[in-house]
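Close look at the chain arrangement
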Amino acid sequence: MPVTILIGAQWGDEGKGRYVDWLAASADIVARYAGGDNAGHTVAIEEDVYKLHLIPSGVFHDDVVSIMGNGMVVNPVNLVKEIKGLQAMGIEITPERLLISSRAHIITPAHIELDKAKELARGTKAIGTTLRGIGPAYLDKTGRAGIRTGDMLLDLETFAERLYEAIERTNETLVKQGMEKLNPQEAALEYLDAATFLKPFIVDTSIYLYKALKDGKKVVCEGAQGTLLDIDHGSYPYVTSSSPTAGGALTGLGVGPLDVEHVLGVAKSFSTRVGGGPMPTELEGDIADQLRGTGENFWDEFGTTTGRPRRCGWLDVVMLRYAVSVNGFSEMMLTKMDILSGIDELKLAVAYEVDGEQMEFPPVTNEQLERATAVYETLDGWQEDISGCRNFDELPAAAQAYVNRIAELCDVPINTISVGPERDQLVLRS
Ligand code: IMP
C-alpha cells in the first residue's frame, strides 16, 4: 500500500509544502489532487525560497515525478510562468518530470472576471476568494460546461474554438452581473501559446499512476487548502470549491482506497484563516500580532498567493478533532511551534459552547458557529528558542506537554514538529 495522503487539517496555510518536500525524499511520485493557483506552497532550501502555486512540492528532488491530477483546475498561462520561473532558478522541468492530467479543468480569463464579479455582488458576505477563477471553473466542471487540459492536445484551431465558446458562455453571465464582456480572441491569445508549450506535459495521469503503483512505486498525494475549506466538510459557503480532504485525493487522482497506507494531517500550532467565515478562536492584539509576524519574513502570516494578512488565533482542537474524523488521520504533524516561544500561557479550545450546550465537534450552520464561544484549557508556555531542537526530548517540558495534550485531545499520534522554515528544522520523536 504505497500511497501516502497529506492533508491540511485547518483552513489552509498549515505549512504542507515543507512536509511534502520532506516526504518526497523517499517517494517516487508527488501528485497534487485538488485546487489550482489559489494555493501557495513554500519550500525553503538553504538561502532559496520557492513559492509554488500549481506545481507539486516534490519538484526539488531530481528522482521524483510530479503529477498534476484531474481534480485540479489549471490556469495554463500561470502554469507556464511557474514552469519558466522554476527553470530560470535551475530546477529541471521536463515532460518526463512533470505530468499534467488530460482531465483537469482549465480556468479561462472569463472565470477570473466572474470570480471578481461574484465577490463584488456578495458585498459584506464576500467569501474573500483568491480571485483566481477557482469557483467559476469548478462550477463549469460540475455543470458539464468546462473545457479540459486534454483539449489542448487537439489541433490549435479546435482548441481555440472551444476556448472562445467557453468565454462566450461565461460572457452571458458576466453581463447579467453588470460586468463588461471579454473579447474571446483577445482574452485567449496567451492561452494559445500556453497550449502549445504545455502539450508535451499532458497525459492520462490516472493510467500512469495505476502502472506506477503496480510497479511498487511510492506516491505522496499533496493536498492544497485545508479540511475546513472543503466544499462538503468546511464551513460552507466560506470554503473553496474543491475537496481537499482524503476522499478528494482518490477522486482527484483516480486511485483506489486500497492503495492508501498513511493519511497524514498537517496542523499549524495555532490557528490562521484568510478570507471570510467564522473563526471561534480568533484573537486581536499583541498575541495575534506575535503569531502573525510583521510580514518581513516569508514565513509570517500573510497570504502566499494574495499577500493578505491572515487572521490568527489559539489552536482550535474542536476543528482539529473534526479534521481527524473527516480524514481518518493515521498521524498528525505540527508546524511553526517556534513561533509560540515567549508566550506566557497558551490556550487550546477544547470545546465550544453554543446556546448553553457544550460541543466537542463544530456545529453545522454558520449561524451557530458564529454564536459559538470557545471553551479553553490553559497550558504553560515556554520562553526558550526551540528552533535548534531536533529531538522531542530536547524540547522544553512545557512544549512537550503542549504537543502531547493536542495528540491526546485528538486521539492521534504526533511525532513530527517543525520549528523553523529550513528543511532540517524538524523535531522528531525517537
Ligand atoms: P477560492 O479558493 O479562491 O475560491 O477561495 C475560497 C476561500 O478559500 C477563501 O476564503 C480563500 O481565502 C480560501 N483559500 C483558498 N485557497 C487557499 C489557500 O491555499 N490557503 C488559505 N486559504 C485559501
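Counting from 1, residues in each chain are numbered in the order their sequence is written. Only residues with pLDDT of 70 or above have their local features reported here, since the model is predicted, and side-chain atom pairs are shown and tallied only from 80 upward, although totals for entire chains, interfaces and linings are computed over all residues. The side-chain values count all of the structure's non-hydrogen atoms but skip hydrogen atoms and water molecules.

Details of the overall build of the protein chain
If you tally the helices and strands in the protein chain, you get 13 helices and 20 strands. For the C-alpha atoms alone, the extent of the protein chain along its principal axes is close to 65 × 50 × 40 Å. For the protein chain, the residues scored as buried account for 57% of the 430 residues in total. Of the contacts formed within the protein chain by residues at least 6 apart in sequence, a portion of 76% connects residues at least 24 apart. We get accessible surface area from the Shrake-Rupley algorithm with a probe of 1.4 Å; when it comes to residues, only the shown protein chains can shield them. Taken as a whole, the protein chain presents about 17,800 Å² of accessible surface, with 50% of it coming from carbon and sulfur. Think of it this way: Lys and Arg go in the positive column, Asp and Glu in the negative one, and His and the chain ends go nowhere. Note that the charge is assigned to NZ on lysines, CZ on arginines, CG on aspartates and CD on glutamates. Positive and negative side-chain charges of the protein chain, numbering 39 and 63 respectively, have mean locations separated by a distance of 6 Å. Here a strand is any run of E in DSSP of at least two residues, a helix any run of H or I of at least four, and the numbering for each starts at the N terminus. Burial classes follow relative accessibility: with a 1.4 Å probe on protein chains only, a residue under 20% of its type's maximum area counts as buried, one over 50% as exposed, and anything between as partly exposed. Only heavy atoms enter the contact rule, under which two residues are in contact if any of them lie within 4.5 Å.

Some thoughts on the pairing of strand β19 (residues 414-418)
When you tally the buried positions in β19, you get 4 out of 5 residues, the bulk of the element. Looking at chain direction, strand β15 (residues 331-335) and β19 are connected through 3 bridges and run parallel. Each residue of the ladder has a partner; that of M333, found in β19, is T416. When DSSP finds at least two bridges between two strands, those strands are taken to pair. The sheet contact formed by β19 and strand β20 (residues 426-428) spans 3 bridges and is antiparallel.

Notes on the sheet that holds β19
If you walk across this open sheet you meet the 10 strands as β9-β7-β5-β2-β10-β1-β11-β15-β19-β20, and the pairing is mixed. The outermost strands of the open sheet, each flanked by one partner alone, are β9 (202-203) and β20. Two strands pair when backbone bridges link them, and strand β7 (residues 98-101) and β9 are joined in this way by 2 bridges, in the parallel orientation. The residue bridging I100 from the neighbouring strand is I202, located in β9.

Regarding the nonpolar core
Note on terminology: a nonpolar core comprises buried Ala, Val, Leu, Ile, Met, Phe, Trp, Tyr and Cys residues joined through side-chain atoms within 4.5 Å. If you look at the biggest cluster of nonpolar residues, it comprises 64 residues, and the most contacted ones within it are M337, Y402, I406 and I417. The element best represented in this core is helix α13 (residues 397-410), accounting for 8 residues. Grouped together as the second largest cluster of nonpolar side chains are 39 residues, L52, A104, A110 and Y164 included.

Digging into the side chain of S269
If you trace the backbone, S269 turns up in the loop between β11 (260-268) and β12 (271-273). Whenever two N or O atoms come within 3.5 Å, that pair is a polar contact, provided that in protein one can donate a hydrogen and the other can accept it, and provided that, for residues adjacent in sequence, both atoms are side-chain atoms. Within polar-contact distance, the side chain of S269 engages the backbone oxygen of T335 at 2.5 Å. The residues contacting S269, other than those within four sequence positions of it, are L315, L334, T335, K336, M337, L340 and Y402.

A short note on the layout of surface pockets
A cavity, in this analysis, means grid points on a 1 Å lattice covering only the protein atoms where a 1.4 Å probe fits yet has no way out; a pocket is instead an open set bounded by protein on both sides within 12 Å along at least five of seven lines, and a residue lines either one if it has an atom within 4 Å of a point. Grid points are joined across faces, edges and corners, and a volume is the space filled by probe spheres set on the points. Put simply, the second largest pocket is a space of about 280 Å³. As for the second largest pocket, its lining consists of 15 residues, of which T4, L23, S26, H262 and L264 are closest to the centre. Contributing elements (two or more residues each) for the lining of the second largest pocket: α1 (16-24), β10 (219-222), β11 and β15. Sorting elements by how many residues they give to the lining of the second largest pocket places β11 first, with 3 residues. When residue character is reported, Ala, Val, Leu, Ile, Met, Phe, Trp, Tyr, Cys and Pro are called nonpolar, Asp, Glu, Lys and Arg charged, and the others, Gly included, polar. Looking at the lining of the second largest pocket residue by residue, the class counts come to 8 nonpolar, 4 polar and 3 charged.

Digging into a negative patch on the surface
The grouping of D62, D63, E92 and E96 at the surface amounts to a negative patch. With respect to the element layout, E92 can be found in the loop between α2 (76-88) and β7. Each patch is built from residues lacking any salt bridge and having more than 30% relative accessible area; the joining distance is 9 Å for like charges and 5 Å for nonpolar side chains (Val, Leu, Ile, Met, Phe, Trp, Tyr). One speaks of a salt bridge when a side-chain nitrogen belonging to Lys or Arg is within 4 Å of a carboxyl oxygen belonging to Asp or Glu.

Here's the deal with the domain arrangement of the protein chain
Domain limits in this description derive from either an automatic procedure or a database domain assignment. Segmenting the protein chain into domains produces domain 1 (3-93 + 205-428) and domain 2 (105-201). For domain 1 versus domain 2, the distance between C-alpha centres works out to 28 Å. Counting residues at the interface gives 30 residues for domain 1, matched by 24 residues for domain 2. Buried area between domain 1 and domain 2, summed over both chains or domains, comes out near 2,100 Å², and the portion from carbon and sulfur atoms is 65%. Two parts lose some accessible area (1.4 Å probe) when they are put together, and adding that loss for both gives the buried area. When the buried area of domain 1 at its contact with domain 2 is split by residue, V73, P76 and V77 rank highest and sum to 25% of it. The interface formed by domain 1 and domain 2 includes 1 salt bridge. Our enumeration of links across domain 1 and domain 2 arrives at 8 residue pairs in polar contact (both at pLDDT 80 or more).

Section: the pattern of salt bridges
All chains considered together, the criterion is met by 17 salt bridges. For E301, the salt bridge goes to R310, with nearest N and O atoms at 2.7 Å. Side by side, E301 and R310 carry an identical accessibility label, which is buried. Note that E377 and R405 form a salt bridge whose closest N and O atoms lie 2.5 Å from each other. Taken together, the positions of E377 in strand β18 (residues 373-380) and R405 in helix α13 put the pair 28 residues apart, joining distant regions of the chain. On the basis of relative accessibility, which here comes to 23%, the residue R405 falls in the partly exposed class.

Quick notes on the packing of α2 against helix α7 (residues 189-198)
The angle between the axes and the distance between the axes are what describe a pair of packed helices. The axes used here are C-alpha line fits, helices contributing only the stretch in contact, and every angle between their N-to-C directions lies in the interval 0 to 180 degrees. Following both chains from N to C, one finds α2 and α7 inclined at 55°, their axes separated by 8 Å at the closest point. When the interaxial angle is binned, α2 and α7 end up oblique. The chirality of how α2 crosses α7 is left-handed. Contacts between α2 and α7 involve P76, V77, L79, V80, I83 and K84 from the former and E190, Y191, A194, F197 and L198 from the latter. Among the residues forming the contact of α2 with α7, the class breakdown is 9 nonpolar, no polar and 2 charged. These descriptions rest on fixed angle ranges, namely under 35 degrees for roughly parallel, over 145 for roughly antiparallel, 65 to 115 for roughly perpendicular, and the rest for oblique. It is the rotation of the near helix from the far one that decides the hand of a crossing: anticlockwise by less than a right angle makes it left-handed, clockwise makes it right-handed.

With respect to the site of the ligand
Summary of the distance rule: residues count as near a molecule or strand when at least one heavy atom falls within 4 Å of that molecule or strand. In the region of the ligand, 16 residues are neighbours, and D13, N38, T130, T240 and V274 sit closest. I127 has a polar backbone atom sitting 3.5 Å from an oxygen atom of the ligand. Contacts to the ligand include Q225, whose side-chain N or O atom sits 3.2 Å from a nitrogen atom. In the complex, 97% of the free accessible area of the ligand, which totals 470 Å², lies under the protein chains. Residues that form the shell around the ligand fall into these classes: 7 nonpolar, 7 polar and 2 charged. Structurally, the shell around the ligand is a two-domain feature, drawing no fewer than three residues from each of domain 1 (3-93 + 205-428) and domain 2 (105-201).

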